[in-house]
Amino acid sequence: MVYQNVVWVIALVGMGLVALGFLYIISQVGRPADADAVRGINRRSARWRLTLFIILLLGFLGASYGTLHSFPIPAQSGPLAASQVVNVVGRQWSWQMSIEGQPAGDTLHLVTGSPVEFRVTSADVNHGFAIYAPDGRIAIQTQAMPGFDNKILYTFTAPGKYMVRCLEYCGLGHAPMVTEFDVTNPTGG
Ligand SMILES: [Cu+2]
């Protein structure tokens, strides 16, 4: 299932549970209270709340670990073990991308299967650096900020034409601030 649909299901189930709670309370309105029964219910409901809290806490910790431990933004200090390093400079209104150690004018050519480190900075104002995969989804994105090298790691899995767009409004030429590059399989396929 697509993530968006999973979120929908979770939201609808949650809303349904809240609605059921309201319906239950409405159905109890006007009934005389039995003091002993209420004390029993309070004890049981305290146990339930504790159990529910522990379940939610474990779920939160598990989901956080599962979704964040492979976060593509690595520690920003020290060198990374990427086999390809791309220097990215954003400016009003273009992207300059060059492989570390090669002249800036060369065509960018990346390969699948090995991690690429993007070092992203800006020559003027803040920009948003985003790489769109051939299927139109955002593969990675980070800020391009003057005076900072923001590092981001990504391993391309699919060959094809990747598009770079600016995701932070930076003036008149923001929308056409676009470039693209090719990713191929290491064998050249
Ligand atoms: Cu922009």
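Conventions and cut-offs
Residues numbered from 1 in each chain as written. Predicted model: local features only at pLDDT ≥ 70, side-chain atom pairs only at ≥ 80, totals over all residues. Heavy atoms only, no water. Helix = DSSP H or I, 4+ residues; strand = E, 2+ residues; numbered from the N terminus. Buried < 20%, exposed > 50% of the residue type's maximum accessible area, 1.4 Å probe, protein only. Polar contact = N/O pair within 3.5 Å; in protein donor to acceptor, adjacent residues only side chain to side chain. Contact = heavy atoms within 4.5 Å. Phe/Tyr/Trp six-rings, centres within 6.5 Å; stacked < 30°, edge-to-face > 60°. Lys NZ or Arg CZ within 6 Å of the ring centre and 35° of its normal. Salt bridge = Lys/Arg side-chain N within 4 Å of Asp/Glu carboxyl O. Donors = N, O, S within 2.8 Å, 3.2 Å for Na, K, Ca; no water. Tetrahedral: all angles 85-135°; square planar, octahedral: opposite > 155°, others 65-115°. Pairing = 2+ DSSP bridges. Axes fitted to C-alpha atoms, helices over the stretch in contact; angles between N-to-C directions.

Q: Quick question: what am I supposed to make of the side chain of H174 here?
A: Note that H174 resides in the loop between β8 (160-166) and β9 (178-184). Relative accessible area serves as the criterion here: at 15%, H174 is assigned to the buried category. Here E168 takes part through its backbone oxygen, which lies 3.1 Å from a polar atom of the side chain of H174. Setting aside anything within four residues of it in sequence, one finds H174 in contact with W93, C166, L167, E168 and Y169.

Q: Explain the packing of aromatic side chains to me, please; I cannot follow it from the model alone.
A: Note on aromatic pairs: each is described by the distance of the centres and the angle between the planes. According to the stated counting rule, one finds seven aromatic pairs in the structure shown. Considering the side-chain rings of Y162 and F181, the 5.9 Å spacing of their centres and the 15 degrees angle between planes classify their relative orientation as stacked. A residue pair is termed long-range when its members are at least 10 positions apart, and Y162 in strand β8 and F181 in strand β9 qualify at 19 residues. An identical accessibility class is assigned to Y162 and F181; each is buried. Three or more aromatic residues link up through ring pairs in this structure, and these residues are W95, F118, F129, Y154, F156, Y162 and F181. Lying over the aromatic face of Y132, R165 brings its terminal NZ or CZ to 5.9 Å of the ring centre.

Q: Any chance you could explain the pattern of salt bridges here in plain terms?
A: Any two side chains of opposite charge can pair, so long as their charged atoms come close to each other. A complete count under the given rule lists five salt bridges for this structure. For E117, the salt bridge identified is with R119, shortest N-O distance 2.6 Å. A relative accessible area of 1% means that E117 is categorised as buried. Each of E100, E117 and R119 takes part in one network of salt bridges that share partners.

Q: What am I meant to see in the coordination of the copper ion here?
A: By definition of the ideal shapes, a tetrahedral metal site with four donors has angles of 109.5 degrees and an octahedral site with six donors has angles of 90 or 180 degrees. Bound to the copper ion on the protein side are C166 (SG), E168 (O), C170 (SG) and H174 (ND1), at distances that span 2.0 to 2.4 Å. Geometry at the copper ion is tetrahedral, judged from its four donor atoms and the angles of 87 to 124 degrees they form at the metal. In primary sequence terms, the donor set of the copper ion follows C-x1-E-x1-C-x3-H. Classification of E168 as partly exposed rests on a relative accessible area of 27%. Judged by its relative accessible area of 6%, C170 is buried.

Q: Where do I start with the sheet that holds strand β7 (residues 150-155) in this structure?
A: Two pairing modes exist for strands in a sheet, parallel and antiparallel, and in both the strands are linked by backbone hydrogen bonds. Spatial strand order, β2-β1-β4-β7: four strands in an open sheet with mixed pairing. Sheet topology places β2 (94-99) and β7 at the edges, where each strand pairs with a single neighbour. Shown here is a sheet whose adjacent strand axes are inclined to one another by a mean of 25 degrees, direction ignored. The sheet contact formed by strand β1 (residues 84-91) and β2 spans six bridges and is antiparallel. Residue V86 lies in a different strand from β2, and its bridge partner there is I99.

Q: Sorry, what's going on with the environment of P159 here?
A: Structurally, P159 is set in the loop between β7 and β8. Taking C-alpha positions, P159 is 7.5 Å from D182, a pair spaced 23 residues apart along the chain. When near neighbours in sequence (up to four residues on either side) are disregarded, P159 contacts T112, P134, V183, T184 and N185.

Q: Sorry, what's going on with the pairing of β8 here?
A: Bridge count between strand β5 (residues 127-132) and β8: four bridges; the pairing is antiparallel. From the neighbouring strand, F129 faces β8, where its bridge partner is C166. Pairing between β8 and β9: six bridges, direction antiparallel. Bridge assignment links V164 to a residue of β9, and that residue is T179.

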